[in-house]
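Chain residues, written in single-letter form:
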Amino acid sequence: LILTCLPTTVNMCVFLTNLAGGNVATSLCNAVLGNFLGIFVTPALLFQFLGTSITLPFRAMILKLCSKVLLPVFIGQCLRLTKLKSVYTRNSKTFKRVQESILLG
């Protein structure tokens, strides 16, 4: 019951969307939004279903989510503006396999 109250992981959302040929950027935005909302919704759902209140380290969760999701996205967007984009374009299949391996690992 507790696991049903949790948001999905960012890794799996992006990985499964990529495998299905969907829009990865939209998937990432939805996953981030869901994880931010999950910080508020998860305690409310647990209280509703279990009748017990819990405390969560709100600031630590926000910082962890930003460092694991928003920072890499920001760095990636900045790198797209440099000459490294052409390196990625030439080796996109290799980078795609490495990305999938990292997401599954």
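Per chain, residue numbering runs from 1 following the sequence as it is written. Whole-chain, interface and lining totals are the exception, using all residues; otherwise, since this is a predicted model, local features are given only for residues with pLDDT of at least 70 and side-chain atom pairs are given and counted only at 80 or more. Calculation of side-chain values draws on the structure's entire complement of heavy atoms; hydrogens and water are dropped beforehand.

Quick look at helix H2 (residues 24-50)
The bend at a residue is defined as the angle formed between two axes, one fitted to the seven residues ending at that residue and one fitted to the seven starting there. Here a strand is any run of E in DSSP of at least two residues, a helix any run of H or I of at least four, and the numbering for each starts at the N terminus. At glycine 38, H2 is bent by approximately 45 degrees, the largest bend along its length. Residues of H2 that are buried: Ser27, Ala31, Val32, Asn35, Gly38, Ile39, Thr42, Pro43 and Leu46. Contacts from the buried residues of H2 go to helix H1 (10-19) and helix H3 (58-79). We call two N or O atoms a polar contact when they sit within 3.5 Å, provided that within protein one can donate a hydrogen and the other can accept it, with sequence-adjacent residues counted only if both atoms are side-chain atoms. Structurally, the start of H2 carries an N-cap: the backbone nitrogen of alanine 25 is 3.1 Å from a side-chain oxygen of asparagine 23. At the C-terminal side of H2, glycine 51 shows a positive phi close to 70 degrees. Three labels apply to residues, based on accessible area from a 1.4 Å probe with only protein chains included: buried if under 20% of the type maximum, exposed if over 50%, partly exposed otherwise in between. What makes two residues a contact is simply this: any of their non-hydrogen atoms within 4.5 Å.

Topic: the packing of aromatic side chains
Stacked, edge-to-face and tilted labels apply to pairs of Phe, Tyr and Trp rings (six-membered ring for Trp) whose centres lie within 6.5 Å, assigned for plane angles under 30 degrees, over 60, and everything in between, in that order. Counted under the stated rule, the structure contains 1 aromatic pair. Between tyrosine 88 and phenylalanine 95, the ring centres sit 5.3 Å apart and the planes meet at 40 degrees, which makes this aromatic pair tilted.

Points about the layout of surface pockets
Empty space within the largest pocket amounts to approximately 1,800 Å³. In this structure, the largest pocket is lined by 44 residues; those nearest its centre are Val14, Leu28, Val69, Pro72 and Val73. Mapped onto the lining of the largest pocket, the elements with two or more residues apiece are H1, H2, H3, helix H4 (84-90) and helix H5 (92-104). Here the lining of the largest pocket gets 11 residues from one element, more than from any other, and that element is H3. Basically, the charged four are Asp, Glu, Lys and Arg, the nonpolar ten are Ala, Val, Leu, Ile, Met, Phe, Trp, Tyr, Cys and Pro, and anything else, Gly included, counts as polar. Considered class by class, the residues forming the lining of the largest pocket number 27 nonpolar, 12 polar and 5 charged. We place a 1 Å grid over just the protein atoms. Points where a 1.4 Å probe fits but has no way out form a cavity, open points with protein on both sides within 12 Å along at least 5 of 7 lines form a pocket, and any residue with an atom within 4 Å of a point lines it. Grid points are joined across faces, edges and corners, and a volume is the space filled by probe spheres set on the points.

Considerations on the confidence of the model for the protein
For residues with low pLDDT, the predicted coordinates do not support detailed interpretation. The pLDDT score gives, residue by residue, the confidence of the prediction method on a 0 to 100 scale. Summarising the model, the protein shows a mean pLDDT of 83, and 96% of its residues fall at 70 or more. Looking over the protein, one finds the lowest element-wise mean pLDDT in H5, namely 82, and the highest in H4, namely 87.

Things to note about the nonpolar core
The biggest cluster of nonpolar side chains holds 7 residues, and these are Val10, Cys13, Val14, Ala31, Val32, Leu65 and Val69. Elements with a contribution of two residues or more to this core: H1, H2 and H3. Examining the composition of this core, we find that 3 residues originate from one element, H1, more than from any other. Here leucine 65 is in contact with Val32, Asn35, Phe36 and Leu70, once residues within four sequence places are set aside. In this text, buried Ala, Val, Leu, Ile, Met, Phe, Trp, Tyr and Cys residues form a nonpolar core when linked through side-chain atoms within 4.5 Å.

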